[in-house]
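# Close look at the chain arrangement
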Amino acid sequence: MPAPRRILLRRMIMKLCPYKIKGGCITSVSFVQDFYLNSSSQYLFSKVIIYYICLKVFTEIKKPGSFLVILCLLILINRSSEGQPVLTHGGDPSGGAPYVFTDPANPNNYIGYELEIADAVAKQMGMRAELIRTDWEAIVASLKNKKFDVIFDGFEPTADRAREIIFSKPYYLFRLQLTVRKDNKEINSLEDCRRLNKSVGTLVNCAASRLLENEKYNWRPYADPVGAYKDLEFGRIDAVLMDIPMEMFYARSNPEFRKAGEPFHKGAYVVGIRKEDTLLQKRINSAIDTLLRDGTFEKIFRKWDMWDDFQLQLAGKTDVHYEITEKKFDWIEALLKLAHAAGITILLAFGAMLIAVVLGIPLAVGQMYGPKTVRIFCNVYIEFFRGTPVLVQLLFLYFGLPVIGISLPGWLTALVGLGLNYAAYESQVYRAAFQAVPSRQWDVSYSLGMKPMLAFRRIILPQAVRTALPPMTNDFVALFKDTSTAFAISVWELATAYRELANATQSYLLLGAVVCVFYLAMSLPLTHYARKLENKLKRSSQKLEKAPGT
Amino acid sequence: MIKVDSLYKRVNGTEILKNVSFEFPAGKVLGIIGESGSGKTSLLMSLSGLTHFNEGTITVNSLTFNGEPAGGNKEFIWRFRRQSGIVFQHLYLFPHLTVLGNIIEAPLHVLKEKRSDSEARALELLKKVGLHNSADKYPDELSGGEQQRAAICRALIMNPVVLLLDEPTSALDPQRSADIRQLLLDYVHQGHTLVIVSHSINFLRGLADYLLYMDEGEAVEFSETKEMLANPKDGRTKEFLSHF
């Protein structure tokens, strides 16, 4: 478990804090702390960085006593990772209840039945289990890249995964449950969803998503179950199909929901193992056998209220039948999907930029010339949107606004959210551009008899636009890339499409290249056009550079 | 006629202009001389109606401006400003417009003239200053002297009652300086009124009919040019002139 080492590192940092250390040093220590805890102790790399930081800290404080402290700590850190052999297992704690999730009582700690299963299995094998946080979508790729030894995360065997890795025998049998809003009387089975063309949400990259995709349902992938059930509650989708453990944890107690039909599709949770680790597979299988028989698993599942008689099929039997889903892949379909996602990306980028460019004007004017209250409002707006991550803002808009009755679809939320965010940046571009125009230009205009509006429109604005255009182009390209944050609210734009398709094919490289080509094909013409426009506006100054003796 | 009566201007408690008074008839040229920071440019800005002042009055032609602060009679201020054309030390040509565009901007949009009329008038002016071949160039393609002439044309096309110039020769070599001087002389001979701020006595000699010596916001001495150069009355004027 990572906790003791984390505490050790904390202590080390606390010890060092009273000394005068540059701010950056502390930041890098906590970065490394994070990094260190996230990867396996077998990885020398993180240790090397720790050593390096300690050395840096030491050379900076230059006190002989501190050297001893650091030396002792280093020895302690090293010792803590030795001793019992470690079985590192990957799991995604974000929205991962009841599998692996952040302990509400102690946010520094993770809990979940999968952790207990992993602990039990490791103990049975005479090892110590250690959780490595990872991303659910890319969990197979991470396993193959040796970020951890095995996967314990409610992991289903599927035909496409079987091509990449091997599985242990199942330790839990789950079924899928369809959930709808209480007021919905139409939907009583998955078939009803197809017949009425209702949208079904589910977790990305799981058995349910494969089922829905292969059967060509109108479905939406979600990065975590919370988002799916929230969207169901807010009416953005009509039904959610989820493994029963998640359904139990997130939906059953919600009075807004009801079950639609009985559970179906018997699936299994297994341990994901790298292909070459057949020995490990055997050891894990025999450990699972023992733990199923001696009731250890039953105890854990009962504790988490997940036990049903269904599980009795597992104990003592060697060949349990369960359904295996498959993810088909077709390059033409994939390219079509990417093109569709690219279209959404373009829509997001252009829509958001339009909002930003327009809204930036009143913000800039209000900030520069408005009465005090307007000025304060504009400043608060600008600082808020610049000072908080756009991801957090999108999540806030998507899940926060429905609470007060405004429930926008995902793409519109992303469009408006990115627009509001970039408006703050554009306002600052405008402000700088207007301040770059000499105030004497106003005086000249006035002395020629122009009134303020005319002077602004004909004299000041064209000059400010010239200054503003390059940074605005820059912002637009940045915005183009920032559309990928819309993934957080399940908008199917290009980056989301990439992650999903790459997961299906495991061809991160090739698809990545294709997606980059898509992005470049969209952003290059833009930058090209913007540069032409800039040059057109700057033509005179360029000529001047060439003309000698002026 | 231009008349300045007991002018005071204060900024943040500092007196920038202290009790400035003088008067000279139309069709004449006034040169304002003095050290940097003596209030020359502030006085010029006040004459143009572009800044406010605290006490006193300025009469240009038949309009008397009492320096009322912002929010006063806007229409009056617009009319007062229209009477003068100003050429700043750094010119401030509109960089996004051609020379011709700079000059016809105000006639087109303020006087609402037809474009062909404005262009004809502008080209006539440009021809007089020898810039008609550069009409389609942008300001930063011009030399300093050409820019100066373009800026003068831009002010003149609005037919101002008085033309105000701030340090018209500061960026010019002697030859170009002489060209501008000749240009201004021609303009004066047509009966126009000029106010020129300059630290160069040589530039003003033979051009200005009157001189005003300013020091620390005060109008130290005001008299006809020949009189002041030959026989300065105030000690400070004498001291200043002795540098030339």
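Structure report, in brief. Keep in mind that this is a model prediction, so the values were computed, not measured.

## A few points about the overall build of chain B
What chain B contains, in helices and strands, is nine helices and 10 strands. Among the 244 residues that make up chain B, the fraction classed as buried is 53%. Within chain B, counting contacts between residues at least 6 apart in sequence, those at least 24 apart form 62% of the total. Just so you have it, chain B exposes about 10600 Å², and 46% of that area is on carbon and sulfur atoms.

## So, the overall build of chain A
If you tally the helices and strands in chain A, you get 21 helices and 12 strands. Summarising the internal contacts of chain A: among those between residues at least 6 apart in sequence, 74% fall at separations of at least 24.

## Some thoughts on the pairing of strand E12 (residues 264-273) of chain A
Residues and elements named next belong to chain A. Taking burial as the measure, the 10 residues of E12 include nine buried ones, the bulk of the element. As paired strands, strand E5 (residues 150-155) and E12 are joined by three bridges and run antiparallel to one another. In the strand pairing of E12, Val-150 is matched with Ile-273. Note: strand E6 (residues 166-167) against E12, two bridges, orientation antiparallel. Residue pairing in the sheet places Ile-166 in a bridge with Ile-273 of E12. Here four bridges tie strand E7 (residues 172-181) to E12, and the two strands are oriented antiparallel to one another.

## Considering helix H13 (residues 296-303) of chain A
Every α-helix winds through 3.6 residues per turn, so residues three or four apart in the chain are directed the same way. Residues and elements named next belong to chain A. Within H13, burial applies to Phe-297, Ile-300 and Phe-301. Looking straight down H13, one finds its buried side chains confined to an arc of 95°; they lie on one side. Counted as exposed and oriented over 90 degrees from the buried face of H13: Lys-299 and Lys-303. Residues of H13 that are buried in the fold lie against helix H5 (113-124), E7 and helix H12 (278-293).

## With respect to the packing of aromatic side chains
Evaluation of the coordinates by the stated rule reveals 37 aromatic pairs over all chains. Look at Tyr-213 of chain B and Phe-240 of chain B: their rings are 4.9 Å apart centre to centre, the planes differ by 35°, and that puts the pair in the tilted class. One end of the pair, Tyr-213 of chain B, is in strand E9 (residues 210-215); the other, Phe-240 of chain B, is in helix H9 (residues 235-241), with 27 residues separating them in the sequence. Phe-240 of chain B matches Tyr-213 of chain B in its accessibility class, with the two residues each being buried. Among the aromatic residues, those joined into a cluster by ring pairs are Tyr-99, Tyr-113, Phe-152, Tyr-171, Tyr-172, Phe-174, Tyr-269, Phe-297 and Phe-301 of chain A.

## With respect to the environment of Gln-367 of chain A
All names here are of chain A. Here Gln-367 is to be found in helix H14 (residues 331-369). On the basis of relative accessible area, Gln-367 is assigned to the buried category, the value being 11%. Not counting residues up to four positions away in its chain, the partners in contact with Gln-367 are Arg-375, Cys-378, Asn-379, Ile-382, Gln-428 and Arg-431. Within the structure, the side chain of Gln-367 is placed 2.7 Å from the side chain of Asn-379, a separation counted as a polar contact.

## As for the interface of chain B and chain A
Contacts between the two partners involve 26 residues from chain B, matched on the other side by 24 residues from chain A. Note on chain B versus chain A: buried area summed over both sides is about 2500 Å², and carbon and sulfur give 65% of it. Taken together, chain B and chain A are joined by two salt bridges. Between Lys-451 of chain A and Glu-75 of chain B there is a salt bridge whose closest N-O contact spans 3.3 Å.

## Structural notes on the side chain of Ser-198 of chain B
Residues and elements named next belong to chain B. Its place among the elements puts Ser-198 in the loop between strand E8 (193-197) and helix H7 (201-204). A polar contact is formed between the side chain of Ser-198 and the backbone nitrogen of Ser-200, at a distance of 3.0 Å. Beyond its immediate stretch of four places on either side in the chain, Ser-198 contacts Ile-32, Ile-33, Gly-34, Glu-167, Phe-203 and Leu-204.

## A short note on the packing of H14 of chain A against helix H15 (residues 372-387) of chain A
Residue and element names in this part refer to chain A. Contact geometry for H14 and H15: axes closest at 8 Å, N-to-C directions at 130°. What the angle tells us is that H14 and H15 run oblique. Note that H14 runs across H15; the crossing there is left-handed. On H15, the residues that touch Leu-359, Pro-362, Leu-363, Gly-366 and Gln-367 of H14 are Val-374, Arg-375, Cys-378, Asn-379, Tyr-381 and Ile-382. Here the contact of H14 with H15 is built from residues that sort into seven nonpolar, three polar and one charged.

## Some points on the nonpolar core
Val-121, Tyr-171 and Phe-297 of chain A are the most contacted members of the largest nonpolar core, which totals 124 residues. At 11 residues, H14 of chain A tops the list of elements feeding residues into this core. In this structure, Val-4, Phe-80, Val-87 and Phe-94 of chain B belong to the second largest nonpolar core, which totals 101 residues.

## Side note on the pattern of salt bridges
Residue and element names in this part refer to chain B. Per the stated rule, a full pass over the model turns up 34 salt bridges over all chains. Put simply, Glu-119 and Arg-115 hold a salt bridge, and the shortest N to O gap is 3.6 Å. Here Glu-119 and its partner Arg-115 are both found in helix H4 (residues 115-128), four residues apart, which amounts to about one turn of the helix. In this structure Arg-115 comes out as partly exposed when scored by relative accessible area, which is 48%. Of the charged contacts in the structure, one is a salt bridge between Asp-234 and Arg-236, with a shortest N-O distance of 3.7 Å.

## What to know about helix H6 (residues 174-189) of chain B
All names here are of chain B. Helix length check: H6 (16 residues) gives 22 Å between terminal C-alpha atoms against 22 Å at 1.5 Å per residue, within 8%. Elements that come into contact with the buried residues of H6 comprise strand E3 (29-34), H4, helix H5 (144-156), strand E7 (162-166), E8 and H7. Just beyond H6, the residue with positive phi is Gly-191, at close to 95°.

## A short note on the side chain of Asp-153 of chain A
Residues and elements named next belong to chain A. Checked against the element boundaries, Asp-153 lands in strand E5. Buried charge without a partner: Asp-153 forms no salt bridge, and the closest opposite charge is Arg-161, 9.1 Å away. Polar contacts involving the side chain of Asp-153 include one to the main-chain amide nitrogen of Asp-92, which spans 2.8 Å. Once residues lying within four places of it in the same chain are set aside, the contact partners of Asp-153 are Gly-90, Gly-91, Asp-92, Tyr-99, Val-100, Glu-114, Trp-136, Ile-139 and Tyr-171.

## Quick notes on the environment of Gly-206 of chain B
All names here are of chain B. Mapped onto the fold, Gly-206 is located in the loop between H7 and E9. In this structure the C-alpha to C-alpha distance between Gly-206 and Thr-225, which are 19 residues apart in sequence, comes to 8.2 Å. Discounting chain neighbours no more than four positions away, the residues touching Gly-206 are Arg-181 and Leu-185.

## Here's the deal with the pairing of strand E1 (residues 86-91) of chain A
Residues and elements named next belong to chain A. Among the six residues in E1, six count as buried, and that is most of the element. Taking every second residue as pointing to the same face, both faces of E1 are buried, with Val-86, Thr-88 and Gly-90 on one and Leu-87, His-89 and Gly-91 on the other. The pairing of E1 with strand E4 (residues 128-133) spans six bridges and is parallel. Within E4, the position partnered with Val-86 by the bridge is Arg-128. Where E1 and E5 come together, two bridges link them in parallel fashion.

Scoring rules and cut-offs
Residues numbered from 1 in each chain as written. Chains lettered and ligands numbered in written order. Predicted model: local features only at pLDDT ≥ 70, side-chain atom pairs only at ≥ 80, totals over all residues. Heavy atoms only, no water. Helix = DSSP H or I, 4+ residues; strand = E, 2+ residues; numbered from the N terminus. Buried < 20%, exposed > 50% of the residue type's maximum accessible area, 1.4 Å probe, protein only. Contact = heavy atoms within 4.5 Å. Areas by Shrake-Rupley, 256 points an atom, 1.4 Å probe, with all protein chains shown as cover. Pairing = 2+ DSSP bridges. Arc of directions from axis to C-beta. Phe/Tyr/Trp six-rings, centres within 6.5 Å; stacked < 30°, edge-to-face > 60°. Polar contact = N/O pair within 3.5 Å; in protein donor to acceptor, adjacent residues only side chain to side chain. Buried area = accessible area lost by both parts, 1.4 Å probe. Salt bridge = Lys/Arg side-chain N within 4 Å of Asp/Glu carboxyl O. Axes fitted to C-alpha atoms, helices over the stretch in contact; angles between N-to-C directions. Parallel < 35°, antiparallel > 145°, perpendicular 65-115°, else oblique. Left-handed = near helix turned anticlockwise from the far one by under 90°. Nonpolar A, V, L, I, M, F, W, Y, C, P; charged D, E, K, R; others polar. Core = buried A, V, L, I, M, F, W, Y, C linked by side-chain atoms within 4.5 Å. Expected span 1.5 Å × (residues − 1). Lys, Arg positive; Asp, Glu negative; His and termini not counted.

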